[in-house]
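Given next are the chains, with one letter for each unit.
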Amino acid sequence: MNFGVGLRSQFQSEISHWRLSTKFMINRLASKKWDLRHITIASCLHIQLKRVIVKEADSMREILTSEGFKARKSPTKLHISKVSLPQHFLEYAKRILQHENIKHLDEEAEKLFAHLRFRQPPIEEDEYRQKVTQVEGKVKEQDNFIEPFLGKEQKESLEKSQHNRIKTQLKRSIYHWNPISFDHSKALQYMIVRTPAEYAALSRVFHEIVHRDPHFKPMTLFDFGSGIGSVVWAAQLVWSSSLIEHMCVDASREMNDIAEVLIKKGSAKHAPIFPGIYFRQFLPVGTDVSNFNFTNFSCSNHRSRS
């Protein structure tokens, strides 16, 4: 989508300037106000609501076919101002980063950003078998005309050659997915390179929900693949008066630890600034709002995603 491409290119162009000090690292999180007007709710987040507003097809048809209709004035278009990360979030992140090796962390964060930028979902087993069969058929078809004229040793040599060519073509045509293990350092890198984009996208989605259903007041929120807690911060922006429980689930204990410290003002000694936030490594039961953004690429197959 246009927003994602533009946002990633902005990150990429600025990475070389964010070096050496915690101050610069925090500026990396705070330097941009992200334009959210081009994000669509479907492309950012799958969210379950207990009420859905449905527009009548006839009235929409009348609007679309009217002579004076302009896309920018469409009733379905939501106008929202640009947003930036909350100032207190930046202060808490600064406290977490103050004892880190910033130069090394920044270099590794740049590598993680590049990896996440081009990451693809893992191929399913049936797709893989189908691809192998397809490649094997093409390679063997190329040698069909000479095989009848070969001796035993030549056929063995041809089979080895075919095997190598099949492996080479499979390496080129199949994305080799590997899970990312988020230890403490990797979790900090993720916070640096992904938080602004995630917070912007989530803010856009939540504001659209509020715009389309102002009476929707969720009391519970479930965030699967919660990372460093971007959903909590974005949800508090719009539903702070109604939310009484956030269930944050992430397989990485280090991610959960950093997310918890962030809502404790950057230090484990303080109390959380948001009420009712729980961190788990396993799935809970039933909530009003469920979030699965930016998580599917971390699931190894279709079964785990569904």
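Structural data are supplied above this passage.
Residues numbered from 1 in each chain as written. Predicted model: local features only at pLDDT ≥ 70, side-chain atom pairs only at ≥ 80, totals over all residues. Heavy atoms only, no water.

**Comments concerning the overall build of the chain**
Thinking step 1. When helices and strands are tallied, the chain shows 12 helices and 4 strands.
Thinking step 2. Counting only residues that meet the buried cut, the chain has 40% of its 306 residues in that class.
Thinking step 3. A separation threshold of at least 6 residues defines the contact pool for the chain, and within that pool the share at least 24 residues apart is 84%.
Thinking step 4. As displayed, the chain offers around 18,200 Å² of accessible surface, 51% of which is attributable to carbon and sulfur atoms. (Helix = DSSP H or I, 4+ residues; strand = E, 2+ residues; numbered from the N terminus. Buried < 20%, exposed > 50% of the residue type's maximum accessible area, 1.4 Å probe, protein only. Contact = heavy atoms within 4.5 Å. Areas by Shrake-Rupley, 256 points an atom, 1.4 Å probe, with all protein chains shown as cover.)

**Overview of the side chain of Q162**
Thinking step 1. Turning to its location among the elements, Q162 is positioned in helix α8 (residues 152-173).
Thinking step 2. When sequence neighbours within four positions are dropped, the list of residues in contact with Q162 reads V139, K140 and D143.

**As for helix α7 (residues 125-142)**
Every α-helix winds through 3.6 residues per turn, so residues three or four apart in the chain are directed the same way.
Thinking step 1. Relative to the 26 Å expected for 18 residues at 1.5 Å per residue, α7 spans 26 Å between its end C-alpha atoms, a close match to the ideal helical length.
Thinking step 2. Within the sequence span of α7, burial applies to V132, V135 and V139. For α7, the angular spread of buried residues about the axis comes to 70°, placing them on one side. For α7, the exposed residues lying more than 90 degrees away from the buried face are Q130, T133 and E141.
Thinking step 3. Elements in contact with the buried residues of α7: α8. (Expected span 1.5 Å × (residues − 1). Arc of directions from axis to C-beta.)

**Some words on helix α9 (residues 184-212)**
Thinking step 1. The end-to-end C-alpha distance of α9 is 39 Å, a good match for the 42 Å that 29 residues give at a rise of 1.5 Å each.
Thinking step 2. R194 marks where α9 bends most, by close to 55°; the proline P196 follows one to four residues later. (Bend = angle between axes of the 7 residues up to and from the residue.)

**Section: the pairing of strand β3 (residues 277-280)**
Thinking step 1. Here β3 shows a buried face lined by I277 and F279 and an unburied face lined by Y278 and R280.
Thinking step 2. For strand β2 (residues 245-249) and β3, the ladder comprises 4 bridges, and the chain directions are parallel. Bridging from a neighbouring strand, V249 pairs with R280 of β3.
Thinking step 3. Handedness of the crossover joining β2 and β3 through helix α11 (residues 253-262): right-handed. (Pairing = 2+ DSSP bridges. Right-handed = clockwise from strand over helix to strand, strands pointing away.)

**Side note on the pattern of salt bridges**
Thinking step 1. Applying the stated criterion to the full structure yields 9 salt bridges.
Thinking step 2. Across the salt bridge formed by R165 and D143, the nearest N and O atoms sit 2.4 Å from each other. With R165 in helix α8 and D143 in the loop between α7 and α8, the pair connects residues that are 22 residues apart, well separated along the chain.
Thinking step 3. Using a relative accessible area of 8% as the deciding quantity, one classes D143 as buried. (Salt bridge = Lys/Arg side-chain N within 4 Å of Asp/Glu carboxyl O.)

Note that all results are geometric; they support no functional claim without further evidence.
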